[in-house]
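Tertiary structure, described
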Amino acid sequence: MSANTIWRRMTPKKIMEGVFAVHKPTGISSAQALRDLQHHFNPSELFAPWLEAERAARDRESHNQRKRRKDKRIQVKIGHGGTLDPLATGVLIAGIGKGTKSLQDFLLCTKVYEAVVLFGTDTDTYDRVGKVLKRAPYDHITKEMVEEALEQFRGKFMQLPPLFSALKMNGKPLYEYAREGKEIPREIERREVEVLNLELVEWMEGGTHSHVAPTDEAGHAEINVANMLWKQEDVQPATNEEEATARENFEQKKRKLSEDQDDLILERPPTKSRKAAPPSSAETAMMSGGLPSPSEDPAPQPSIETCPAAEEESKDKGPPAVRLRMTVTSGFYVRSLCHDLGAALGSAALMAELERTRQGEFELGKNVLEWEDLGKGEEVWGPRVEKVLDEWHEKNKTDSSAEVARSS
């Protein structure tokens, strides 16, 4: 007799509803994660009573109600309480049946994230899957500088959302306005966010980690709108002047360490012949799928800024990275924090990794279903999901009873 048969015989037939959490893997969207859950839940014994009740309820619907229903398939009703980008992993809260009504509460609760910030490159989406907008020097960045810069991101402050991935105006992505030659309808507004805790948990010197920046470069349309919005909201990544200042400070530190050495060691060696100049921004935009210029002799286009020093150091050991842990309130964008941290350090930065380790009462390693358990069969994931849903039902029994009393 299988473990699944024993488990089902011991469990009375009941309608399973409520809220649980699953450990979403990287590479899939939150919507795809829900579809995958449905794929496992629809044929299961655990949710068979729910499906039977749903089928009976639909049989009682009027002809007009059935006609208005767009999706006539009978599937386990499921929703999520806060999206995670495909790049991100971690806690994804899911509501089953009536549990979907409680998902709004989880959008407003605190969340704990761990993120890896990679310095030296800025992208349109503020993460490693976007297109490169800017490259900047990074050899002046130290662990102490990062820890000092983090102070300005603690507590309450006004944050600008990511420009190209999350933000839309009048239902249209910002970069589409640039491609169509239209002006942005209105200014981007910052939003108040709160960081309850922010700490640097790991410093990674260049060459000691596997995080790399993307190589696909943005076209001039994306660069145009990024420059316009950053200047408009005064969040432009480090300018050449700021980069020069940062490098000068770094060089001063090196000179101070060498004061007691012979002056000859500071002399520069004979200048070597320069290598061929890199492709123009227009050529780069064409190679990366950017918009071509309408004329044969295009006017100068915004280009991806690349400091020669940044190219030299990239051949050396590569950019440093840091791992941050933060507890934040609703509406906070981790990618914006990574981007703004790079600008605050006189460089650029992107989010290389993101994991949501806790959301509300759900925490990885404690009461979150591991994604791999789904592939092991219902005899593995069934008891675990049932336990969490039972706990949720017990916790919310009083509220449910009050709701029934009001509707009767």
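This text follows the structure it describes.
Quick look at the structure, then.

Digging into the pairing of strand β12 (residues 349-359)
Here β12 lies mainly inside the structure; eight of its 11 residues are buried. Where strand β4 (residues 111-119) and β12 come together, nine bridges link them in antiparallel fashion. Bridge assignment links Val116 to a residue of β12, and that residue is Glu353. Where β12 hands over to strand β13 (residues 362-363), the hairpin turn is made up of two residues, of which Gly360 adopts a positive phi near 60°.

Remarks on the environment of Val116
Its location among the elements puts Val116 in strand β4. Between the C-alpha atoms of Val116 and Glu202, which are 86 residues apart in sequence, the distance is 9.0 Å. Excluding residues that lie within four positions of it along the chain, Val116 makes contacts with Met204, His211, Ala321, Val322, Arg323, Leu350, Met351, Ala352 and Glu353.

A word on the pattern of salt bridges
Applying the stated rule across the entire model yields 17 salt bridges. Note that Arg335 and Asp127 form a salt bridge whose closest N and O atoms lie 4.0 Å from each other. On the criterion of sequence distance, the pair formed by Arg335 in helix α12 (residues 334-344) and Asp127 in the loop between β5 (121-123) and β6 (132-135) is long-range, its members being 208 residues apart. Residues Arg335 and Asp127 agree in their burial class; the two are buried. Residue Arg135 is joined to Glu217 by a salt bridge in which the shortest nitrogen-to-oxygen separation is 3.0 Å. On the criterion of sequence distance, the pair formed by Arg135 in strand β6 and Glu217 in the loop between β10 (191-204) and α8 (220-232) is long-range, its members being 82 residues apart. By relative accessible area, Arg135 is classed as partly exposed at 23%. The network of salt bridges with common partners includes Lys14, Glu386 and Asp390.

Describing the environment of Gly120
Among the secondary structure elements, Gly120 is positioned in the loop between β4 and β5. Ignoring sequence-local partners within four residues, the contact set of Gly120 consists of Lys134, Arg135, Ala136, Tyr138, Ser347, Ala348 and Ala349.

Focus: the packing of aromatic side chains
Evaluation of the coordinates by the stated rule reveals six aromatic pairs. Here Phe20 and Phe41 contribute two aromatic rings whose centre-to-centre distance is 6.0 Å and whose plane-to-plane angle is 55°, an arrangement assigned as tilted. Taken together, the positions of Phe20 in strand β1 (residues 18-24) and Phe41 in helix α2 (residues 30-41) put the pair 21 residues apart, joining distant regions of the chain. There is no split in this pair, since Phe20 and Phe41 are both buried. Ring geometry for Phe106 against Phe362: centres 5.9 Å apart, planes inclined by 45°, an arrangement best described as tilted. Highlighted residues: Phe106 in helix α5 (residues 103-107) and Phe362 in strand β13, separated in sequence by 256 residues. A single burial state applies to Phe106 and to Phe362, both of which are buried. An aromatic cluster is present here, built from Phe20, Phe41, Phe47 and Trp381 joined pairwise through their rings.

Describing α2
For α2, built from 12 residues, the straight-helix expectation of 16 Å at 1.5 Å per residue is met to within 8% by its first-to-last C-alpha distance of 16 Å. Along α2, the positions that sit buried rather than exposed are Ser30, Ala33, Leu34, Leu37, Gln38 and Phe41. The arc that holds the buried residues of α2, viewed along the axis, is 140°, so those residues lie on one side. Elements that come into contact with the buried residues of α2 comprise β1, β2 (78-80), β3 (89-96), α13 (371-374) and α14 (378-395).

Details of α12
Among the 11 residues that make up α12, nine are buried, leaving the element largely enclosed by the rest of the structure. Within α12 the residues assigned to the buried category are Val334, Arg335, Ser336, Leu337, Cys338, His339, Asp340, Leu341 and Gly342. The first or second residue beyond α12 is Gly346, which carries a positive phi of 70°.

Some remarks on the side chain of Thr89
Along the chain, Thr89 turns up in strand β3. Not counting chain neighbours up to four residues away, the residues in contact with Thr89 comprise His23, Lys24, Pro25, Thr26, Leu84, Leu354, Glu355 and Arg356.

Reading guide: rules and limits
Residues numbered from 1 in each chain as written. Predicted model: local features only at pLDDT ≥ 70, side-chain atom pairs only at ≥ 80, totals over all residues. Heavy atoms only, no water. Buried < 20%, exposed > 50% of the residue type's maximum accessible area, 1.4 Å probe, protein only. Helix = DSSP H or I, 4+ residues; strand = E, 2+ residues; numbered from the N terminus. Pairing = 2+ DSSP bridges. Contact = heavy atoms within 4.5 Å. Salt bridge = Lys/Arg side-chain N within 4 Å of Asp/Glu carboxyl O. Phe/Tyr/Trp six-rings, centres within 6.5 Å; stacked < 30°, edge-to-face > 60°. Expected span 1.5 Å × (residues − 1). Arc of directions from axis to C-beta.

Keep in mind these numbers describe shape, not what the thing actually does.
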